[in-house]
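For reference, the chains in residue letters:
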Amino acid sequence: MTSGRRHRRGWLTLVGDPSSPHAAGLRRASADEAPSLRYDVDWSILMARAQEGDGVAYRRLLEEVTPYLRSLAARRHSDASDVEDAIQDVLLTVHAIRNTYDPTRPFGPWLVAIANRRLVDRLRRQGRMRSRETALTAAHETFPAHQANVDAGTSEGRVLERALEKLPPGQRQAVRLLKLEEMSLKEAAAASGASIASLKVATHRALRKLRKILSIRSDA
Amino acid sequence: MITTPDLIGSLAANLKPVRRLRPPATRAACWLLLAALVLALLAVSGIRPDLTQRLRDPTFAVGMAASLLTGIFAASAAFLISLPDRSRLWLLLPAPMLIVWLSTIGYQCLTNWVSLDADGIHLGETVRCFATLTLTSLPLSLAMLVMLRHAAPLRPTTVTLMGSLAVAAITATALSLFHDLDATVMILMWNLGTAVLIVGLGGMLGRRMFSWVAPRSLHQRA
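Residues numbered from 1 in each chain as written. Chains lettered and ligands numbered in written order. Predicted model: local features only at pLDDT ≥ 70, side-chain atom pairs only at ≥ 80, totals over all residues.

Details of the overall build of chain B
So, step 1. Along the backbone of chain B there are nine helices and zero strands.
So, step 2. Counting from the amino terminus, helix and strand elements in chain B follow one another as α-α-α-α-α-α-α-α-α.
So, step 3. Expressed as a percentage of the 222 residues in chain B, the buried residues total 39%. (Helix = DSSP H or I, 4+ residues; strand = E, 2+ residues; numbered from the N terminus. Buried ≥ 20, exposed ≤ 12 C-beta atoms within 10 Å, placed from the backbone.)

Looking at the overall build of chain A
So, step 1. Within chain A, the regular secondary structure consists of twelve helices and zero strands.
So, step 2. Counting the 220 residues in chain A, one finds 23% classified as buried.
So, step 3. Expressed as a percentage of contacts within chain A between residues at least 6 apart in sequence, the contacts between residues at least 24 apart total 52%. (Contact = placed C-beta atoms within 7 Å.)

Here's the deal with the confidence of the model for chain A
So, step 1. Averaged over chain A, the pLDDT score is 77; the fraction of residues at 70 or greater is 75%.
So, step 2. Segment residues 1-35 of chain A: pLDDT under 50, and 17 contacts once partners within four positions in sequence are set aside and those in other chains are kept. (pLDDT = per-residue confidence, 0-100.)

Looking at the nonpolar core
As a rule of thumb, nonpolar side chains are buried together in soluble globular proteins.
Residue and element names in this part refer to chain B.
So, step 1. The biggest cluster of nonpolar side chains holds 80 residues, and the ones touching the most others in it are A74, A78 and A166.
So, step 2. In terms of residue count, helix α7 (residues 156-178) provides more of this core than any other element does, twelve residues in total.
So, step 3. Non-local contacts of A74, meaning those with residues more than four positions away in its chain, are made with P94, M162, L165, A166 and A169. (Core = buried A, V, L, I, M, F, W, Y, C linked by C-beta atoms within 7 Å.)

A few points about unusual backbone geometry
Residue and element names in this part refer to chain A.
So, step 1. Positioned with a positive phi, E182 is a non-glycine residue whose angle comes to about 55°.
So, step 2. Inspection of the secondary structure puts E182 in the loop between α10 (169-180) and α11 (185-192).
So, step 3. Accessibility expressed as a C-beta count within 10 Å gives 9 for E182, which makes it exposed.

Comments concerning the interface of chain B and chain A
So, step 1. At the junction of the two partners, chain B supplies 24 residues and chain A supplies 30 residues.
So, step 2. In terms of residue class, the side of chain B that touches chain A is made up of 15 nonpolar, three polar and six charged. (Nonpolar A, V, L, I, M, F, W, Y, C, P; charged D, E, K, R; others polar.)

Examining the packing of helix α5 (residues 80-96) of chain A against helix α1 (residues 4-13) of chain B
Packed helices, taken two at a time, are described by the angle their axes make and the gap between the axes.
So, step 1. Packing of α5 of chain A against α1 of chain B brings their axes to within 10 Å, and their N-to-C directions diverge by 10°. When the interaxial angle is binned, α5 of chain A and α1 of chain B end up roughly parallel. Within the contact between the two elements, α5 of chain A uses E84, I87, Q88, L91 and H95 of chain A and α1 of chain B uses T4, L7, I8 and L11 of chain B.
So, step 2. Taken together, the residues that form the contact of α5 of chain A with α1 of chain B break down as five nonpolar, three polar and one charged. (Axes fitted to C-alpha atoms, helices over the stretch in contact; angles between N-to-C directions. Parallel < 35°, antiparallel > 145°, perpendicular 65-115°, else oblique.)

Some remarks on α7 of chain B
So, step 1. In this model α7 of chain B runs 33 Å from its N-terminal to its C-terminal C-alpha over 23 residues, within 8% of the 33 Å that 1.5 Å per residue would give.
So, step 2. By the criterion of burial, α7 of chain B is predominantly enclosed, with 19 of the 23 residues buried. (Expected span 1.5 Å × (residues − 1).)

Some thoughts on the confidence of the model for chain B
So, step 1. When pLDDT is averaged across chain B, the result is 80; 82% of the residues are at 70 or more.
So, step 2. Scored by ipTM, the complex comes to 0.76, with pTM at 0.66.

Thoughts on the packing of helix α4 (residues 55-76) of chain A against helix α6 (residues 107-132) of chain A
Residue and element names in this part refer to chain A.
So, step 1. Between α4 and α6, whose axes approach to 11 Å, the crossing angle comes to 35°. Of the two possible hands of crossing, α4 and α6 adopt the one that is right-handed. Side by side, α4 and α6 meet where V65, L69, L72, A73 and R76 of the first sit next to L111, A115, L119 and L123 of the second.
So, step 2. Here the residues of the contact of α4 with α6 are counted per class, giving eight nonpolar, no polar and one charged. (Left-handed = near helix turned anticlockwise from the far one by under 90°.)

Quick notes on the environment of T66 of chain A
So, step 1. Position of T66 of chain A relative to the elements: it lies in helix α4.
So, step 2. Given 19 C-beta atoms within a 10 Å radius, T66 of chain A is considered partly exposed.
So, step 3. Leaving out residues up to four positions away in the same chain, T66 of chain A has contacts with I87 of chain A together with T4 of chain B.

Looking at the environment of V199 of chain B
All names here are of chain B.
So, step 1. With respect to the helices, strands and loops of the structure, V199 is situated in helix α8 (residues 184-213).
So, step 2. Look at V199 and you get buried, because 22 C-beta atoms sit within 10 Å.
So, step 3. Residues V199 and A168, spaced 31 residues apart in sequence, show a C-alpha to C-alpha distance of 6.9 Å.
So, step 4. Residues contacting V199, with those up to four places away along its chain left out, are L161, S164, L165 and A168.

Listed below in structure tokens is the structure:
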């Protein structure tokens, strides 16, 4: 089995005489060729301890694998919050099925297999969601906003503005407050200082006058 | 949203020791032992009277051995691929025996079509067949489901299909052990029909059943 042979090679560098040039060469070779191998043995030990309930080892293990998971997740997700969500999903899965890890086997493939399954599941779920739901864009958000719906540029709006300018100031103010800004009579009275009765009269007259101005325009 | 370091902290703080899973071969053997137990209990109520005579027929003997081996191999494959780091090629393990099993049924159809006798299908026998079907497949399916629940976040569909194949093959073996199904239509129905039914149900409901028995922390997340 390859994993067994790898383990033995890792041990060779550990138990050899550190001062001998041969051991130094071996150590350098193992550090150059397979830095992940060293992690792998460490992680196996940490996970084996975690299975026995060692919280410190478990925390160290999860902290060490997180950057690695982040690089895996970043390959499949572009959004940063998606990447963090994916990492947390993988960590929770590792936690939930930590009893399936066999310490005699390498840790790396176990972790990568779980991570890949969860990442692919996540992408599928997102794909399904996107086919059914539409994300709100800036355009969607502008429509509910009040400013976007004021249609100042249209010709009807301009005609009404011009017609309003022809009204006497009192009537113009009454129409603006009550009709355009949609205030109640009480609010309009408070805002303008006029009595409710006079506002009513002013509005009535203003509307009659506007109707006349606009009908003349449409006749013409 | 909780940050990743916080999550790690809370996972490590609430860590409880877990018992490692036994090797997949051992777990498959346990499940097969349960299957043997179920078959033995059913055998107490009576095996088919002409079994020794039928076993001399090579087609019948090969077919039954093949269905039994399909069950054994499919169970082993299901336990193997339920682990994250095992190769998916284990799925091919039961394939040769499955082919042998299906081809013996096909061979029987081609060479020796036994039509239903004059009485047609006996209602009593059919009911007993259904009883065997339920008594075998139900406990075995439930045991498989609980034993493989850790596969829920990994390969739910594949593992369920393999597990269902194991249950289906064992059930088909039980049916040919305990009931004299000599009419070819009956053999087809009770072998293939059962297999298709169980594998189909497994495929359809597998995901849902798994989410029901899945490890709890995944649920809190979802």
